[in-house]
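Listed below, chain by chain, are the residues.
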Amino acid sequence: EHLRAQREQERQRALEAEVKKAELEQRISAEESGMPPTPTKGAQWKAALQAENQVAAEMRKRRQQEDQLRPLKERAQLALKEASKTRDEAEAEAISVKVQHLAHSQVEARFFAEAFAQEEAVKVKAELEEYTQCRMDELAKVEAEQK
């Protein structure tokens with residue numbers, strides 16, 4: 001990059017020297033011939049050279065800006081990837097927590113269902129024992145009356 005810029009500068013200096021030489025030669029010949037100086041090809045060439053230099057400077061400036069922005073862009077892409085990875089990990093963690101919560105809720109629901117069933121079984125057993133006792137009392141009463 002440095003050598004390229006140095007080569008470009010040397011080329012421009014050489015072109016400028018040629019332009020000056022041509023202008024001087026034209027002035028000398030104009031003075032010798034007694035004619036007033038006219039705009040020369042050298043002056044036009046010099047203007048073209050200046051425009052070319054300006055375009056080259058703008059291109060160098062753009063390349064330098066691109067070189068400066070490239071690391072920033074790479075860091076931004078890396079940060080985006082890391083943020084995406086973090087988001088994915090957080091979503092996976094949230095799903096895991098939901099699964100654990102559902103499993104806990106299912107165990108708890110099963111526990112309450114079994115407790116309710118057991119409680120109902122105890123009630124039915126008590127009612128059945130009471131009903132059986134009543135029938136036994138009635139049966140004993142009927143047997144006592146028959147004797």
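Just so it is clear, the model here is predicted, and its values are computed rather than measured.

Hey, could you run me through the overall build of the chain in this one?
Broken down by element type, the chain carries two helices and zero strands. In terms of overall size, the chain is more extended than a compact globule, its C-alpha atoms giving a radius of gyration of 52 Å where 147 residues would be expected to give roughly 15 Å. Considered along the principal axes of its C-alpha atoms, the chain spans approximately 170 × 30 × 10 Å. For the chain, the proportion of its 147 residues judged to be buried stands at 7%. Taken as a whole, the chain presents about 13,300 Å² of accessible surface, with 58% of it coming from carbon and sulfur.

Explain the environment of Glu18 to me, please; I cannot follow it from the model alone.
Here Glu18 shows up in helix α1 (residues 2-33). As a C-alpha pair, Glu18 and Gln146 span 128 residues in sequence and 151 Å in three-dimensional space.

Quick question: what am I supposed to make of the pattern of salt bridges here?
Two side chains carrying opposite charge are able to pair once their charged atoms lie near each other. The tally for this structure, following the rule as stated, stands at eight salt bridges. We note a salt bridge from Arg70 to Asp67, for which the minimum N-O separation is 3.1 Å. One end of the pair is Arg70 and the other is Asp67, both in helix α2 (residues 41-146) and three residues apart, which spans about a single turn. On the basis of relative accessible area, Asp67 is assigned to the partly exposed category, the value being 42%. A salt bridge links Arg87 to Glu91, with the nearest nitrogen and oxygen atoms 3.8 Å apart. One end of the pair, Arg87, and the other, Glu91, are both in helix α2, four residues apart, so they sit about a helical turn from each other. A relative accessible area of 44% places Glu91 in the partly exposed class. Members of the salt-bridge network, linked through shared partners, are Glu8, Arg11 and Glu52.

Sorry, what's going on with the environment of Ala103 here?
Secondary-structure assignment places Ala103 in helix α2. Taking the relative accessible area as the measure of exposure, Ala103 reaches 38% and is therefore partly exposed. Between the C-alpha atom of Ala103 and that of Leu15, which follows or precedes it by 88 residues, the distance is 83 Å.

Before we go on, may I ask you to explain α1 in this structure?
Its 32 residues give α1 an end-to-end C-alpha distance of 46 Å, which sits within 8% of 46 Å, the value for a rise of 1.5 Å per residue. Considered for burial, the residues of α1 that qualify are Glu8, Gln12, Leu15, Val19 and Ala30.

Which parts of the structure should I look at to understand the side chain of Asn53?
Here Asn53 lies in helix α2. Sequence-distant contacts of Asn53, that is, excluding residues within four places in its chain, are made with Gln12 and Glu16.

Honestly, the side chain of Gln12 in this entry has me stumped. Any pointers?
By the element assignment, Gln12 lies in helix α1. Since its relative accessible area comes to 13%, Gln12 is described here as buried. Separated by 2.7 Å, the side chains of Gln12 and Asn53 make a polar contact. Apart from residues lying up to four places away in sequence, Gln12 is in contact with Leu49, Asn53 and Ala56.

I keep staring at the environment of Lys21 and nothing clicks. Help me out?
For Lys21, the position within the fold is in helix α1. With 59 residues separating them along the chain, Lys21 and Leu80 place their C-alpha atoms 58 Å apart.

Rules used throughout
Residues numbered from 1 in each chain as written. Predicted model: local features only at pLDDT ≥ 70, side-chain atom pairs only at ≥ 80, totals over all residues. Heavy atoms only, no water. Helix = DSSP H or I, 4+ residues; strand = E, 2+ residues; numbered from the N terminus. Rg over C-alpha atoms; globule rule 2.2 N^0.38 Å. Buried < 20%, exposed > 50% of the residue type's maximum accessible area, 1.4 Å probe, protein only. Areas by Shrake-Rupley, 256 points an atom, 1.4 Å probe, with all protein chains shown as cover. Salt bridge = Lys/Arg side-chain N within 4 Å of Asp/Glu carboxyl O. Expected span 1.5 Å × (residues − 1). Contact = heavy atoms within 4.5 Å. Polar contact = N/O pair within 3.5 Å; in protein donor to acceptor, adjacent residues only side chain to side chain.

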